[in-house]
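Read off the chains here:
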Amino acid sequence: MEQGEVKSGLVAKMSSESDSGIKKYIVPIVSLLAATLILVFVVPGLGVVEQAVGLHAILNNAINSVASAGALATFAAWLVFFMLYWKGAQAISRRPLRESCIFAVVSLLLSATVCFTGTWATVDGEHTGFPWYSSGTYPFGRPSFTFFFTIRLIAIGSLLLMAWALIADALGRRRNNGIRAFQASNENPETKTSGFVKTMKRYVPSLRLNVRSVAIYTALVTICWLPILYINGPVIVNIDTVLQLIQGKGSRIWDPMTMQWLDGYVLQDHHPVFDTLIYVGFDRLGLLLGHEVVGLQILTVLQAIVTAFAVVLSLAWCFSRVKNIPALVQVCAVAFIIFVPTFSTVSTVIVKDSTWAPIFLLWAIAFAEFIYRKQSQKPVSWKFIILFVVLAIFAGLTKKPSIYITTGATFIVLIFMSGRFKTLVATLVPAGICLVLIPGLLFPAMHIAPGGVQEPLSIPIQQVTKVLIDHQDQLSQKDLRTISKVLDIKEAKKNWNPLSADFAKHYGYKPSSTKADRSAFEKLWIALAFRYPGSYINAISYVRTPFVLGQTYYQTGPVRCGWDGAGTNHVKVLPEYKDCALSKQQEHLGKPFVNVMNHVPPFSLLGAEVLYVVWVPLLALALVIVRKRWKSLLYFAPVLMQLLVQFMVPSYQNRYTLGLLFTVFLTLAIPFLSCGHSAEKTDMAKGTVEAGEAQPDQTVRQNG
């Protein structure tokens, strides 16, 4: 009996050693093959391979692209990929299966943002982002290209998965804490910090959620941003802002979309009137001071200060609401807002989105604090609700889609949280003021023309025009009559542009159409969606651009651009500067600076729009799911509403996604907020103790 048991144990041990030996050699071999394939399928840009026909030609182009980097650079890249796969595979084996599966899905989704490209950038442009970023269609009808694209998608996804596993494993080893490597709320306050961090803590006060601390850091950040304000100086006045200034300076009011004079009005709400009053006020201040540009420079500096304050306040809120954030992380976060010129360059542009973004961030902080207090069972005073409502109103007055974001996010809270009366007030009051009271009562009394009724029809006009281009002969005479009452079909088709809905709307829309005509048009638009979904998708291909790797938030000049002589009654803005011309510092400093930031790592990635639109929200959501923090899903409401609004924009401009950039720290903090999650922590600890894990690791998890 004993001999049999000994033999059985010996056989099992030999079998285990044999399996271990096989794995020991399989992983390096697979890593070698994967690293080689990565060089062929990942390194070449899609702009290089998409024009080739046939697998042989595609591979030749890809290999030639790799070879052009040189033997040494190619070998170095291959070695990095080999080590990444080799060590990453070992790290994955130490992660819980559920967690690895979640991040495998996330890695594939992130890979799609790299494989697909935008629709309007050019390879040789100076401000297009990454050098390989290019426009073009994807010939998925060709099996060879589809095969190449699929392999490339999986390859990049696997690289991202390996990188995630190594980072998670490194954090886990540092804290000896398994899955809680992602948790910032470590109960042990004695964390090791580098000498640099200790020095910073000694001489630089920590950022805390109080007036003195926020004021000090706001001043520090603003001072550090002054070089950016200089190289982008004297000012950058967006084309929309130029029109607002022209109208505010006494020009005959003109609708830029229908190209019609609006006699009897003093302003138009096509661009928010509140912004127009701000810009015109500072413009007149400059004229009083003797130089028009001086007033706009003062506005730029104030805009930078408000932006710095809002971003610093968001960091202070995160530092106060997430327990025991390591000092190194806090230092890196502050260094990020100082040295990565996303927030700073955005603040130098005078345009409604840059004016709105810090106000929206202040509302987002209040929104997060509102949920935090309710989940922590802390009182929410009426003073706080009034502040919450006021911020939502000001955000809605500076950018029209904002009211849909704030109202939608608060409505989600109204559905899923108790204590609904105050939430109901916070939901209805801003919407009532911005959507009903001001346009219905205040604008007529002040002789302000409302925005064109055609603006909400931007996407329907774009998509219906595309159907006319592709399938007009298949439409009935009744359908064509319905369309022709709203659109000049010939002009809409002639001017249709795949990059923007403004062209078909601008030239095709008939101002003579009635409310009944527009209602019938909208009903037909819905019906045609089921008949021609392909045309509808192709009509708004520009929508995908924020969701793919390429464009960055780094921005510069010109001083002013647009609207000279068109509907301006010859009123001038900054006449001493040529139209669409860069200033000396913009030409010699700003433009080269932005070009370098766009192409040099790590800034080329840290400034990428997709990082804030997709990567950060998706990774934060994955961490919430891994940690089973289901209550924290409510914090994603503003992110969700911003993404939904993004699918309704008439064209692509990265200023439309500034809200996601500005709320990045709030989004990153969501998985680590500790209030109201004690039960969820216990469930997570029980569910993640896997058989065969080391006993000390199990003990730490159960303590969590």
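Provided above is the structure to which this section pertains.
The paragraphs below set out a description of the structure included in this document.

## Focus: the pattern of salt bridges
Two side chains of opposite charge can pair, provided their charged atoms sit close to one another. Counting across every chain of the model gives 16 salt bridges. Put simply, E292 and K249 hold a salt bridge, and the shortest N to O gap is 3.0 Å. You can see E292 sitting in helix α11 (residues 292-321) and its partner K249 sitting in the loop between α9 (239-248) and β2 (254-255), a full 43 residues away along the chain. Owing to a relative accessible area of 28%, K249 belongs among the partly exposed residues under this scheme. Its salt-bridge partner being K505, residue D502 comes within 3.0 Å of it at the nearest N-O pair. Taken together, the residues D502 and K505, both in helix α21 (residues 502-508) and three residues apart, mark about one turn of the helix. What makes K505 buried here is its relative accessible area of 1%.

## Some points on empty space enclosed by the protein
One pass over the full model with this rule turns up three cavities of 30 Å³ or more. Estimated volume of the largest cavity: approximately 110 Å³. Lining the largest cavity are A364, F367, A368, Y635, P638, V639, Q642, T663, L666, T667 and I670. Of all the elements in the fold, those that place two or more residues in the lining of the largest cavity are α14 (352-375), α27 (637-646) and α29 (664-669). Of the residues in the lining of the largest cavity, the class split is eight nonpolar, three polar and no charged. When its volume is computed, the second largest cavity comes out at roughly 40 Å³. What lines the second largest cavity is simply L243, Q244, Q247, Q268, H270, H271 and T276. Looking at which element gives the most residues to the lining of the second largest cavity, the answer is α9, with three residues. A breakdown of the residues in the lining of the second largest cavity according to their chemical character gives one nonpolar, six polar and no charged.

## Focus on the nonpolar core
If you look at the biggest cluster of nonpolar residues, it comprises 123 residues, and the most contacted ones within it are W317, I337, F343, W363, F662 and F665. The leading source of residues in this core is α14, at 15 residues. Residues in contact with I337, not counting those within four places in the same chain, are V221, W225, V311, V312, L315, F343 and F665.

## Quick notes on the packing of α11 against α14
α14 packs onto α11 with a crossing angle of 20 degrees between their chain directions and a minimal axis gap of 9 Å. In terms of their interaxial angle, α11 and α14 are classed as roughly parallel. The two elements α11 and α14 meet at a crossing, and its hand is left-handed. Residue-level inspection shows Q303, V306, T307, F309, A310, V311, L313, S314, W317 and R321 of α11 in contact with α14, the latter providing S354, T355, P358, L361, L362, I365, A368, E369 and Y372. Its residues assigned to classes, the contact of α11 with α14 comprises 12 nonpolar, five polar and two charged.

## Describing the packing of aromatic side chains
Within this structure, the stated rule accounts for 20 aromatic pairs. Aromatic side chains W363 and F388 sit 5.7 Å apart centroid to centroid with 10 degrees between the ring planes, which places their arrangement in the stacked category. In this pair, W363 is assigned in helix α14 and F388 in helix α15 (residues 382-398), connecting sequence segments 25 residues apart. Comparing W363 with F388 shows no difference in burial state: the two are buried.

## Here we look at a nonpolar patch on the surface
Residues L285, L289, I298, V301, L302 and I305 make up a contiguous nonpolar surface patch of roughly 430 Å² in combined accessible area. Of all elements in the fold, only α10 (273-289) and α11 reach the threshold of two or more residues within the nonpolar patch. Sorting elements by how many residues they give to the nonpolar patch places α11 first, with four residues. Along the chain, L285 falls in helix α10.

## Some remarks on the state of the cysteines
Joining two cysteines, a disulfide is a covalent bond between their sulfur atoms. The final tally for this structure, using the stated rule, is one disulfide. Through a disulfide, C561 is tied to C580; the S-S separation comes to 1.8 Å. Here the disulfide of C561 and C580 is right-handed, its torsion about the S-S bond being about 70 degrees. Note that C561 is positioned in the loop between α23 (533-539) and α24 (584-599) and C580 in the loop between α23 and α24, a separation of 19 residues in sequence. Of the residues examined, C561 reaches a relative accessible area of 23% and is grouped as partly exposed.

Cut-offs used in this document
Residues numbered from 1 in each chain as written. Predicted model: local features only at pLDDT ≥ 70, side-chain atom pairs only at ≥ 80, totals over all residues. Heavy atoms only, no water. Salt bridge = Lys/Arg side-chain N within 4 Å of Asp/Glu carboxyl O. Helix = DSSP H or I, 4+ residues; strand = E, 2+ residues; numbered from the N terminus. Buried < 20%, exposed > 50% of the residue type's maximum accessible area, 1.4 Å probe, protein only. 1 Å grid on protein atoms, 1.4 Å probe; cavity = no way out; pocket = protein on both sides within 12 Å on 5 of 7 lines; lining within 4 Å. Points joined across faces, edges and corners; volume = space filled by probe spheres on them. Nonpolar A, V, L, I, M, F, W, Y, C, P; charged D, E, K, R; others polar. Core = buried A, V, L, I, M, F, W, Y, C linked by side-chain atoms within 4.5 Å. Contact = heavy atoms within 4.5 Å. Axes fitted to C-alpha atoms, helices over the stretch in contact; angles between N-to-C directions. Parallel < 35°, antiparallel > 145°, perpendicular 65-115°, else oblique. Left-handed = near helix turned anticlockwise from the far one by under 90°. Phe/Tyr/Trp six-rings, centres within 6.5 Å; stacked < 30°, edge-to-face > 60°. Patch = residues over 30% accessible without salt bridge, like charges linked within 9 Å, V, L, I, M, F, W, Y side chains within 5 Å. Areas by Shrake-Rupley, 256 points an atom, 1.4 Å probe, with all protein chains shown as cover. Disulfide = S-S within 2.5 Å.

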